[in-house]
Amino acid sequence: SIPSNYKVLFMQGGGTGQFAAVPLNLAASSDVCDYAVTGSWSQKAFAEAKKYCQPRMVCNGQSNGKYTRIPDLSGWELHPEARYLYYCSNETVDGVQFQDLPTQFPNVNLIADMSSDFLSRPVDVAKHAIIYAGAQKNSGIAGLTIVIVRDDLLNQAQAITPTVMNYKIFADNKSLYHTPPTFSIYMAGLVFRWTLDQGGLEAIKKISEERSNRFYSIIDQSNGFYRYSPPST
């Protein structure tokens, strides 16, 4: 469930648009922001943030030119004054997913790109400052970006933040500052209703795990004909 002190925004620009929107809305150009770089998408987010703040890597999952793992969280070095900690929950290009989300860090604004596993399992929204997801992966079609943002973060945008990326403007106007992507929102609504009809996110998680187990079982029984990297967990 989403706590009452959060807003749900229907925006556009996909996850790539949020690579810029997050630092623009949460940080000043001189602020330090922490990034867990575990794959291609978080690497792109880190690179984009360099235009708007002072991002720093708390971990780097790359080895021999490939992203194959999530570094142990005990080794993450968070900056004590970082405005937020950013991570991507599922790196589709590299096949790296957080099985347990990094929610144990106290007193940090946790930002999650959940574009590729949004609606696939229950998530504790209250442990995040922002969760965003492009709808095209699990909740509809391209053209819609869903942003769940805590209320106290809505009035911190840099002066240069474009109107179409400004969380407060979208919150104040109930995502209707300009013509919204109506068909994409309609399709997302159908997916939301279908998800509820299946039994909610707990049921979807069970279906996803059963499908994943069947898939990896076929690979494991192929005597090396099929291989995967990184290794499954």
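What comes next concerns the included structure. (Residues numbered from 1 in each chain as written. Predicted model: local features only at pLDDT ≥ 70, side-chain atom pairs only at ≥ 80, totals over all residues. Heavy atoms only, no water.)

1. Focus on the sheet that holds strand β11 (residues 145-150)
One open sheet holds the seven strands; their spatial order is β1-β11-β10-β9-β6-β2-β3, and the pairing between them is mixed. Looking at which strands have only one partner, the edges of the open sheet turn out to be β1 (6-11) and β3 (54-60). Mean inter-strand twist for the sheet, computed between neighbouring axes without regard to direction, equals 20°. As defined by bridge partners, strand β10 (residues 130-134) adjoins β11 across five bridges and the pair is classed as antiparallel. In the sheet register, I131 faces β11, and the bridge partner there is I148. (Pairing = 2+ DSSP bridges. Helix = DSSP H or I, 4+ residues; strand = E, 2+ residues; numbered from the N terminus. Axes fitted to C-alpha atoms, helices over the stretch in contact; angles between N-to-C directions.)

2. Examining the side chain of N166
Tracing the backbone through its elements, the reader meets N166 in the loop between β11 and α3 (167-172). A distance of 3.1 Å separates a polar atom in the side chain of N166 from the backbone nitrogen of I169. When sequence neighbours within four positions are dropped, the list of residues in contact with N166 reads M11, N25, A157 and T161. (Polar contact = N/O pair within 3.5 Å; in protein donor to acceptor, adjacent residues only side chain to side chain. Contact = heavy atoms within 4.5 Å.)

3. Some thoughts on the packing of aromatic side chains
Pairs of aromatic rings are described using the distance from one ring centre to the other and the angle between the two planes. Under the defined criterion, the tally for this structure stands at 10 aromatic pairs. With 5.9 Å between their ring centres and 70° between their planes, Y35 and F46 make a pair best called edge-to-face. You can see Y35 sitting in strand β2 (residues 32-37) and its partner F46 sitting in helix α2 (residues 40-49), a full 11 residues away along the chain. Each member of the pair Y35 and F46 is classed as buried. With a centroid separation of 5.2 Å and 70° between ring planes, the pair formed by Y87 and F98 is classed as edge-to-face. Separated by 11 residues along the polypeptide, Y87 in strand β6 (residues 85-88) and F98 in the loop between β8 (96-97) and β9 (110-113) bring together distant segments of the chain. In this structure, Y87 and F98 share a single accessibility class: buried. Of the aromatic side chains, those joined through ring pairs into one cluster are Y35, F46, Y84, Y86 and Y132. The ring of W41 is capped by K44, whose NZ or CZ atom sits 4.5 Å from the centre of that ring. (Phe/Tyr/Trp six-rings, centres within 6.5 Å; stacked < 30°, edge-to-face > 60°. Buried < 20%, exposed > 50% of the residue type's maximum accessible area, 1.4 Å probe, protein only. Lys NZ or Arg CZ within 6 Å of the ring centre and 35° of its normal.)

4. Focus on α2
Where α2 is concerned, the buried positions are S40, S42, A45, F46 and A49. Residues of α2 that are buried in the fold lie against α1 (14-26), β2, β3, β5 (66-67), β6 and β7 (90-91).

5. A look at the packing of helix α4 (residues 182-198) against helix α5 (residues 201-220)
In contact at an axis separation of 7 Å, α4 and α5 are set at 80° when each is read in the N-to-C sense. One finds that α4 runs roughly perpendicular with respect to α5. Across the interface between the two elements, W194, T195 and Q198 from α4 touch L201, A203 and I204 from α5. Taken together, the residues of the contact of α4 with α5 sort by class into four nonpolar, two polar and no charged. (Parallel < 35°, antiparallel > 145°, perpendicular 65-115°, else oblique. Nonpolar A, V, L, I, M, F, W, Y, C, P; charged D, E, K, R; others polar.)

6. Some remarks on the pattern of salt bridges
Overall, the coordinates contain seven salt bridges when judged by the stated rule. The closest approach of N and O atoms between K7 and D151, which form a salt bridge, is 3.1 Å. Note that K7 is positioned in strand β1 and D151 in the loop between β11 and α3, a separation of 144 residues in sequence. Taking relative accessible area as the criterion, D151 reaches 27% and is therefore assigned partly exposed. D34 is paired through a salt bridge with R56; the nearest N and O atoms lie 2.8 Å apart. In this pair, D34 sits in strand β2 while R56 sits in strand β3, placing the two residues 22 residues apart along the sequence. (Salt bridge = Lys/Arg side-chain N within 4 Å of Asp/Glu carboxyl O.)

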